[in-house]
Amino acid sequence: MKTMNNKLIDGRRLQVPTLKIDTKIIDGKAIAENVKLEVKQHAQRFAAQYGRKPHIAMIVIGRNPASEIYVRNKNKDCEDCDIDQTTYKLPDTTQERLESLIHELNATETVDAILVQMPLPKNLDAKAIQNAIAWEKDADGFGIENTGKLWSGITDATCACTPNGIRHMLHECVSLESLKGKHAVIVNRSNIVGKPMAAMLLDMDMTVTICHSKTENIKTYTKTADLLITAVGQPGFIKPEDIKPGAIVIDVSMNKDAHNKLCGDCEDLTGVAGYITPVPGGVGPMTRAMLMQNIISCAYKRLK
Ligand code: NAP
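Residues numbered from 1 in each chain as written. Predicted model: local features only at pLDDT ≥ 70, side-chain atom pairs only at ≥ 80, totals over all residues. Heavy atoms only, no water.

### Here's the deal with the packing of aromatic side chains
Applying the stated criterion to the full structure yields two aromatic pairs. When the centroid spacing of 4.8 Å and the interplanar angle of 40° are considered together, the rings of Phe-46 and Tyr-50 count as tilted. In this pair, Phe-46 and Tyr-50 are both assigned in helix α1 (residues 28–50), four residues apart and thus about one turn of the helix distant. With 5.4 Å between their ring centres and 85° between their planes, Phe-46 and Tyr-300 make a pair best called edge-to-face. (Phe/Tyr/Trp six-rings, centres within 6.5 Å; stacked < 30°, edge-to-face > 60°. Helix = DSSP H or I, 4+ residues; strand = E, 2+ residues; numbered from the N terminus.)

### Some words on the sheet that holds strand β10 (residues 248–251)
The six strands lie next to each other as β3-β13-β10-β9-β7-β8, forming an open sheet whose pairing is parallel. What marks the edges here is a single partner per strand, and that holds for β3 (24–25) and β8 (207–211). The sheet contacts of helix α6 (residues 161–173) involve β9 (227–230), β10 and β13 (275–276), and relative to β10 the element is tilted by about 145°. (Pairing = 2+ DSSP bridges. Contact = heavy atoms within 4.5 Å. Axes fitted to C-alpha atoms, helices over the stretch in contact; angles between N-to-C directions.)

### So, the environment of Ser-175
Tracing the backbone shows Ser-175 in the loop between α6 and α7 (176–179). Residues Ser-175 and Ile-238 lie 63 residues apart in sequence; the distance between their C-alpha atoms is 25 Å.

### Topic: unusual backbone geometry
Cis geometry is found at the peptide bond from Met-118 to Pro-119, where omega equals 0°. Its location among the elements puts Pro-119 in the loop between β6 (113–116) and α4 (126–132). Pro-280 follows Val-279 through a cis peptide bond whose omega is 0°. Along the chain, Pro-280 falls in the loop between β13 and α10 (283–303). Backbone geometry places Asp-205, a non-glycine residue, at a positive phi of 65°. Of note, Asp-205 is situated in the loop between α8 (194–203) and β8. Its identity is not glycine, yet Asn-217 carries a phi of approximately 50°, on the positive side. A residue is classified by how much of its surface remains accessible, and Asn-217, at 57% relative accessible area, is exposed. (Buried < 20%, exposed > 50% of the residue type's maximum accessible area, 1.4 Å probe, protein only.)

### Quick look at the state of the cysteines
Tallying each qualifying case throughout the model produces zero disulfides. Cysteine Cys-81 shares no disulfide, and the gap to the nearest cysteine sulfur, in Cys-78, comes to 7.2 Å. Judged by its relative accessible area of 0%, Cys-81 is buried. Here Cys-159 is not cross-linked by a disulfide; its sulfur's nearest cysteine counterpart is in Cys-161, at 9.3 Å. Classification of Cys-159 by relative accessible area gives buried; the value is 9%. (Disulfide = S-S within 2.5 Å.)

### Observations regarding the side chain of Ser-253
Positionally, Ser-253 belongs in the loop between β10 and β11 (255–256). Residue classification places Ser-253 among the buried positions, given a relative accessible area of 7%. Here Asp-265 takes part through its side chain, which lies 2.9 Å from a polar atom of the side chain of Ser-253. When near neighbours in sequence (up to four residues on either side) are disregarded, Ser-253 contacts Thr-230, Ala-231, Val-232, Gly-233, Cys-263, Gly-264, Asp-265 and Val-279. (Polar contact = N/O pair within 3.5 Å; in protein donor to acceptor, adjacent residues only side chain to side chain.)

### Brief notes about the pattern of salt bridges
All chains considered together, the criterion is met by 14 salt bridges. Among the ionic pairs, Asp-156 bridges to Lys-149, the shortest N-O distance being 2.9 Å. For Asp-156, a relative accessible area of 27% puts it in the partly exposed group. On the basis of relative accessibility, which here comes to 15%, the residue Lys-149 falls in the buried class. (Salt bridge = Lys/Arg side-chain N within 4 Å of Asp/Glu carboxyl O.)

### Observations concerning the site of the ligand
With respect to spatial proximity, 22 residues lie near the ligand, and among them Asn-188, Arg-189, Ser-190, Ser-213 and Thr-287 are the closest. A distance of 2.5 Å separates an oxygen atom of the ligand from a polar atom in the side chain of Ser-213. Residue Met-254 places a main-chain N or O atom 3.2 Å away from an oxygen atom belonging to the ligand. A total of 920 Å² of accessible area belongs to the ligand in isolation, and the protein chains cover 69% of it. Ranked by the residues each element gives to the shell around the ligand, the list is headed by α10, at three residues. (Near = heavy atom within 4 Å. Areas by Shrake-Rupley, 256 points an atom, 1.4 Å probe, with all protein chains shown as cover.)

### What to know about α8
Here α8 lies mainly inside the structure; seven of its 10 residues are buried. Packed against the buried residues of α8 are α5 (144–152), α6, β7 (183–187), β8 and β9. In the segment just after α8, Asp-205 is the residue with positive phi, at about 65°.

Structure below.
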């Protein structure tokens, strides 16, 4: 698409044509619905084969309204996908009691997958809790064994849901082949987003840069990204002038704007980005769908 732009050239205002990119919106919600339909078919096949549905145990500790909403959504996704779930709601607990519950669930034959909703109250050591879950039942893939397998390229790793959902979206919307050798910039270095994402993009033969709050001149990196993944948690962090024209931009963040509306990190990038994910309706539904996929793969992994 061609538009005219008013530019100052040699002290004179001139109308110059600029190419506007036909930005495509990646519909995460629709892709996630398809993933859930596939998961449901797998769950039904599993039930027919083993005489019971795949089953996840979810543990939620304390009274965190956001966590309660997340767990309610996960319960509903399980119902949609024909997966059994048991939710343990503990008003409070100690490290010892929580680890002992996890050990019990690890040893329970009819529990295929375990998830402890994060964040945990401050008295609990989240890393130790994640590592107490048996690796083959680790639905979030946050434990050290799954993380190590992911970085070592071992294919039976259970992968963190958000980056796995992004990989799946890329696979659906642009050919992964076309991304080989291209530059991916991730603005986030958390264990749930940036680090596992980097491992997956390296496996896809991309050249990967991770940025974070201490990165100097961060926009010099974002401007060179063919694929930009942002999960900073700041509305308006990425502006149209911060990206390379035609870039694929994946907005992971879930922020509230001044009107208390859900938004990501990006300003409106239409006409500049090649592809963008909406917030809501982009990465969020994919994260939820990937959890359902992880439960099925945990179930089959144990019983094969
Ligand atoms: P986090 O652990 O707080 O990570 C935020 C990252 O952004 C950190 O690496 C931080 O750098 C970096 N950062 C903060 N300010 C920055 C700045 N000014 N310049 C450059 N980097 C900066 O959070 P998270 O758990 O990864 O989540 C990040 C966002 O993604 C949140 O909005 C969260 O709600 C969203 N999220 C969404 C989904 C989904 O399914 N859609 C899933 C997970 C997370 P340092 O490491 O240096 O602090």
